[in-house]
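Chain and residue survey
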Amino acid sequence: MTAAEGAVISKPTVGITTYQEDASWRGWHRHASLVPTDFLAAVADAGGVPVLLPPYGGDQEAASVMGGIDGLLLVGGADIDPALYGGTAGPHTSGFAPDRDTWESALLRLALAEGRAVLGVCRGMQMINVLRGGTLTQHLPTALGSDDHQPPEPVFRNAAITLSPDQLPGSAVGDRWDIPCFHHQAVDTLGDGVLATGWSADGVIEAVSMPDQRFVVGVQGHPEAAPVGALFAAFVAAAREIRTARETTVANDDARDGVRAA
């Protein structure tokens, strides 16, 4: 048995970005980094270890944390600054979070370069597309004449999505998916290497993947709020493969160093 074969592989670590919001708890009212615990539970239930990644810095700081991350989960939140995709903010585009834009762009750039597993949810899907040079439709009610994708009140609306069965996420969850949705923006032109793999009945792109990567998936809906965890299982499984490969490489390197030292 080699050192690599005898090694115990640790659980994959999934870095999860956070919302930056004014929040209240136990009488306190503070600006906070937060994320719904649905995301944490979904990752943990699939066998991963969730680690929060609040926005701090850019490329240098992202490199400091990405060395220990096997999967990157980009959550929803404020609109992405249209300047990032060569646009100008329309009347319904607001609430920019430049610290998140900078931080998540840096994390995602490294994750793609280093072959990490990536799952983008809502804003996270849009960030994948924008980083690869794609653009966004800034306000679906204006473009479509309806609020089907984002009702006036902050509640999820169930959306029936058609998925490509031979591409992610369809290859993990099937070719039809009823998923909770709440978004007023969506992918317009696709970025380099980004493939549309899911659509709502009105033609809005609801899922994307990057087939040239091990696992890069974006969904406009909120799988953390759905009862089926198949997508998170596939995501964490990909992160586990990455973890196994990395730790096996380290074990083999250590074994070779031991032989040379002897």
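See the structure above.
Sequence order as written defines residue numbering, which begins from 1 separately in each chain. A pLDDT threshold of at least 70 governs which residues receive local features in this predicted model, and a stricter bar of 80 or more applies before side-chain atom pairs are shown or counted, although totals over entire chains, interfaces and linings include all residues. Hydrogens and water are ignored here; the side-chain numbers use all heavy atoms of the structure.

With respect to the overall build of the protein chain
For the protein chain, the count of helices and strands is eight helices and 13 strands. In terms of overall size, the protein chain behaves like a compact globule, its C-alpha atoms giving a radius of gyration of 19 Å where 262 residues would be expected to give roughly 18 Å. Along the first, second and third principal axes, the C-alpha set of the protein chain runs to 75 × 45 × 40 Å. Within the span of the protein chain, comprising 262 residues, buried residues form 47% of the whole. Only heavy atoms enter the contact rule, under which two residues are in contact if any of them lie within 4.5 Å. Of the contacts made within the protein chain by residues no fewer than 6 positions apart, 68% connect residues no fewer than 24 positions apart. For accessible areas, the Shrake-Rupley method is used with a probe of radius 1.4 Å. Any residue's cover is judged against the shown protein chains and nothing else. As displayed, the protein chain has an accessible area near 12,100 Å², and 54% of this comes from carbon and sulfur atoms. His is not counted here, nor are the chain ends, while Lys and Arg score as positive and Asp and Glu score as negative. By convention, charge coordinates are those of NZ in Lys, CZ in Arg, CG in Asp, or CD in Glu. On the protein chain, the mean spot of the 16 positive side-chain charges and the mean spot of the 31 negative ones are 8 Å from each other. Secondary structure is summarised from DSSP: a helix means a run of H or I of at least four residues, a strand means a run of E of at least two, and numbering begins at the N terminus for each. The globule rule is 2.2 Å times the number of residues to the power 0.38, and the radius of gyration it is compared with is taken over C-alpha atoms. Exposed residues in this analysis have more than 50% of their type's maximum accessible area, buried residues have under 20%, and partly exposed residues fall in between, with area computed by a 1.4 Å probe over protein chains only.

What about the packing of aromatic side chains?
The way to describe two aromatic rings as a pair is by their centre distance and the angle between their planes. Aromatic pairing here means that ring centres of Phe, Tyr or Trp (its six-membered ring) are within 6.5 Å. Orientation follows from the plane angle: under 30 degrees is stacked, over 60 is edge-to-face, and everything else is tilted. As enumerated under the stated definition, the model contains one aromatic pair in all. Plain terms: the ring middles of Phe215 and Phe235 are 5.8 Å apart, the flat faces sit at 35° to each other, and that makes the pair tilted. Placement of Phe215 in the loop between strand E12 (205-209) and strand E13 (216-219) and of Phe235 in helix H8 (residues 230-261) is noted, with a sequence separation of 20 residues between them. The exposure class of Phe215 is buried, given its relative accessible area of 3%. Put simply, a charge is over a ring when the Lys NZ or the Arg CZ is close to the ring centre, within 6 Å, and near the line of the ring normal, within 35 degrees. Seen from the ring of Tyr19, Arg100 lies directly overhead, with NZ or CZ sitting 5.6 Å from the centre.

Section: unusual backbone geometry
Here Leu168 and Pro169 are connected by a cis peptide whose omega angle stands at 0°. Checked against the element boundaries, Pro169 lands in the loop between strand E8 (157-163) and helix H7 (170-173). Of note, the phi angle at Arg26 is positive, near 50°, even though the residue is not glycine. Here Arg26 lies in the loop between strand E2 (19-25) and strand E3 (28-34). Judged by relative accessible area, Arg26 falls into the exposed class, the value being 83%. Backbone geometry at Cys122 places phi at a positive 60°, although glycine is not the residue there. Summarising the element assignment, Cys122 is placed in the loop between strand E6 (117-121) and helix H5 (123-131).

Observations concerning the packing of helix H3 (residues 59-66) against helix H4 (residues 98-113)
Closest axis-to-axis distance for the H3/H4 pair is 9 Å, and the angle between their directions is 50°. In terms of orientation, H3 lies oblique with respect to H4. For the pair H3 and H4, the sense of crossing is right-handed. In this structure, H3 contributes Asp59, Glu61, Ala62, Ala63, Val65 and Met66 to the contact, and H4 contributes Trp103, Ala106, Leu107, Arg109, Leu110 and Ala111. Of the residues contributing to the contact of H3 with H4, the split by class is nine nonpolar, no polar and three charged. Axis lines are fitted through C-alpha atoms, for helices just across the contact stretch, and the angle between N-to-C directions can take any value from 0 to 180 degrees. Small angles under 35 degrees read as roughly parallel and large ones over 145 as roughly antiparallel, with 65 to 115 read as roughly perpendicular and the rest as oblique. In a left-handed crossing the near helix is turned counterclockwise from the far helix by less than a right angle, and in a right-handed crossing that turn is clockwise. Ten residue types, Ala, Val, Leu, Ile, Met, Phe, Trp, Tyr, Cys and Pro, are classed as nonpolar, four, Asp, Glu, Lys and Arg, as charged, and the remainder, Gly among them, as polar.

Some thoughts on the pattern of salt bridges
Counted as salt bridges are all cases of a side-chain nitrogen of Lys or Arg within 4 Å of a carboxyl oxygen of Asp or Glu. The final tally for this structure, using the stated rule, is twelve salt bridges. Measuring nitrogen to oxygen at the nearest pair gives 2.7 Å for the salt bridge that ties Arg100 to Glu104. Placement of the pair is Arg100 and Glu104 together in helix H4, with a separation of four residues, close to one helical turn. Side by side, Arg100 and Glu104 carry an identical accessibility label, which is buried.

Digging into the nonpolar core
Here, nonpolar core refers to any group of buried Ala, Val, Leu, Ile, Met, Phe, Trp, Tyr and Cys residues whose side-chain atoms link them within 4.5 Å. Grouped together as the largest cluster of nonpolar side chains are 32 residues, with contacts concentrated most on Phe39, Leu73, Leu119, Phe215, Phe232 and Phe235. When residues of this core are traced back to their parent elements, those giving at least two are strand E1 (13-17), helix H2 (37-45), E6, E8, strand E9 (176-181), E13 and H8. Of all the elements, H8 adds the most residues to this core, at seven residues. Of all hydrophobic cores here, the second largest spans 28 residues; its members include Leu110, Ala111, Val130 and Met210.

Considering the pairing of E1
Within a regular strand, side chains alternate between the sheet's two faces. For E1, the tally of buried residues reaches five of five residues, placing the bulk of the element in the interior. When DSSP finds at least two bridges between two strands, those strands are taken to pair. Pairing between E1 and strand E4 (residues 49-53): five bridges, direction parallel. The residue of E4 that forms the bridge with Val14 is Pro50. Summarising the sheet, E1 and strand E5 (residues 71-74) pair through three bridges and their orientation is parallel. Residue pairing in the sheet places Gly15 in a bridge with Leu72 of E5.

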